[in-house]
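These are the residues of each chain, in order.
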Amino acid sequence: MCVGSRLSPRPKERGGGMGGRNEMAASAKTLAERLHPAKRLRPLSPSTKIPIPKSSFSALTTETNKALARSNRDLRICTDRIEKSRAEGMECAKLEELLVEETWLEALAGELQKPYAKNLCRFVEREMRGSVPIYPPPHLIFDALHRTPFHQVRAVIIGQDPYHGPGQAMGLAFSVPEGIKVPSSLANIFKELRQDVGCSLPSHGNLERWTVQGVLLLNAVLTVRKHQANSHAKRGWELFTDAIIQTISQKKTGVVFLLWGNSAQAKSRLIDESKHHILRAAHPSGLSANRGFFGCRHFSQTNQILEKLNLSPIDWQL
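Just so we're clear, the structure is a prediction, and the values are computed from it rather than from any experiment.

> I would appreciate a short explanation of the environment of Val153 in the present structure.
Relative to the helices and strands, Val153 resides in the loop between helix H5 (143–147) and strand S2 (155–159). According to the relative accessible area criterion, Val153 is buried, its value standing at 4%. When the C-alpha atoms of Val153 and Val255 are compared, they prove to be 7.2 Å apart, with 102 residues separating the residues in sequence. Beyond its immediate sequence surroundings of up to four residues, Val153 is in contact with Trp104, Thr148, Gly214, Leu216, Ile248, Lys252 and Val255.

> Just checking my understanding: could you explain a positive patch on the surface for this structure?
Together, Lys94, Lys118, Arg122, Arg126, Arg129 and Arg235 make up a positively charged patch on the protein surface. Mapped onto the elements of the fold, Lys118 is located in helix H4 (residues 115–128). Classification of Lys118 as partly exposed rests on a relative accessible area of 31%.

> Is there a simple way to explain the pattern of salt bridges in this structure?
Once their charged atoms are close, side chains differing in charge can pair, the charge on each being opposite to the other. Under the counting rule described, the total for this entry stands at 11 salt bridges. Arg269 serves as the salt-bridge partner of Asp242, at 3.2 Å between the closest nitrogen and oxygen. Separated by 27 residues along the polypeptide, Asp242 in helix H8 (residues 237–251) and Arg269 in the loop between helix H9 (262–265) and strand S6 (277–281) bring together distant segments of the chain. Overall, Asp242 belongs to the buried group, its relative accessible area being 10%. Salt bridges sharing partners connect three or more residues here, namely Asp143, Arg147 and Glu208.

> Would you explain the nonpolar core in this entry?
Across soluble globular proteins, nonpolar side chains show a tendency to be buried alongside one another. Trp104, Phe142, Trp210, Leu216, Trp237, Phe240 and Ile248 are the most contacted members of the largest nonpolar core, which has 81 residues in total. The leading source of residues in this core is H4, at seven residues. Setting aside its immediate chain neighbours within four residues, Phe240 contacts Leu99, Leu108, Glu111, Leu112, Tyr116, Phe142 and Leu222.

> Just checking my understanding: could you explain the UniProt feature "active site" (unreviewed entry) in the chain for this structure?
Mapped onto this structure's residue numbering, the UniProt feature "active site" (unreviewed entry) falls at Asp161. As for its position among the elements, Asp161 is in the loop between S2 and helix H6 (184–197). For Asp161, a relative accessible area of 16% translates into the label buried. With residues up to four places along the chain from it excluded, the contact list for Asp161 reads Asn219, Val221, Val224, Ala229, Asn230 and Ser231. For Asp161, the side chain forms a polar contact with the main-chain nitrogen of Asn230, separated by 2.6 Å.

Rules behind the numbers
- Residues numbered from 1 in each chain as written.
- Predicted model: local features only at pLDDT ≥ 70, side-chain atom pairs only at ≥ 80, totals over all residues.
- Heavy atoms only, no water.
- Helix = DSSP H or I, 4+ residues; strand = E, 2+ residues; numbered from the N terminus.
- Buried < 20%, exposed > 50% of the residue type's maximum accessible area, 1.4 Å probe, protein only.
- Contact = heavy atoms within 4.5 Å.
- Patch = residues over 30% accessible without salt bridge, like charges linked within 9 Å, V, L, I, M, F, W, Y side chains within 5 Å.
- Areas by Shrake-Rupley, 256 points an atom, 1.4 Å probe, with all protein chains shown as cover.
- Salt bridge = Lys/Arg side-chain N within 4 Å of Asp/Glu carboxyl O.
- Lys, Arg positive; Asp, Glu negative; His and termini not counted.
- Charge placed at Lys NZ, Arg CZ, Asp CG, Glu CD.
- Core = buried A, V, L, I, M, F, W, Y, C linked by side-chain atoms within 4.5 Å.
- UniProt positions renumbered as here; feature names shortened; annotations may be inferred.
- Polar contact = N/O pair within 3.5 Å; in protein donor to acceptor, adjacent residues only side chain to side chain.

The following block contains the structure:
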C-alpha cells in the first residue's frame, strides 16, 4: 500500500533553472521509458459492440470491489442505451440519458433539465453527429460520476477539459487508459506521489483505482473535439460541473478539494471552507510543476485530514 499519512523530511526541491529543468527532463524520459507506448484506438462503427474495459486491481477491499462492480454496471447501462439508439437508427443517444448513477441523479435532481443544460445537450449531440471525433466516447462522458457516487466522495481533484488525442480521454481528470502513453502532467503527479508518500512509479496512467476509493476526478469541461483543446469550453459544461462542486459543498462535510492551477483554484468560490478542506498548488504541467506543485504534499495531507475525520486514508499506489 502507498498511503503516506505521515510527513517525513525531504530535500528541498530544485528551482526552475537550467540544471533543474534538465534533471526534470531526464526524469520524465526515464518515466516514459517505463510506460507502455501509445496505442491508437480505432473509431467505433455503428454496428460495433462497445467493450467494457476490464480492471486489474489487486488487494482491493470488499467495499472497493463492490464500488467497482456498481460502476461497471452503470457503464453497461450506458453502452446498452447507446447500442439501442443505434439499433433504432439514431446516430447517438441523448446526452441526458447517459448519466445513470442513482445517487448523482438524486443529488443533481433537475440540473440537466435547466435551459442551459438543454442547450448543452443539443450542442454535444450535434457535435457527436459531426465529422470530427469527440472525446471521450459517449459512454464515458459521465464516467467520473459513475466511478465515484455522490455518497462516496471524500476528495475531489479538478481538471480542465479532456485530453484531445486519440484514445487518451476516459472521462476521468488526468487519467488515461492502460496502454496509452502517460501525459506530462500525470507523469509529474506520479513524481510528487513518489516524493510525498513513497509510491512506486506505475506502469500505466489509469487512475480508476483512486475513484472507487472516493476520489472524484472531475474535469470542468467533459467533452472536447479531437486535437482541439478547449473546443467545448463555454458551452455549458462549466455551469454543470460548478453545480456538481456546489452540491458537494452544500450537501456533504469534510471533503478534501485538491485545486491545482489558477483555473481549478477559481472554483474555491463554490466551496464552503468552514465545512471542507481546500489544498492549493500550481498545476502539474511541465510549464508550472516547478513553481509550486512539486513539494505540495497534497497526497499525504489529504490522508492526514481523512484520518482526523476517522475516515480511512486513500491508497494512492496504482
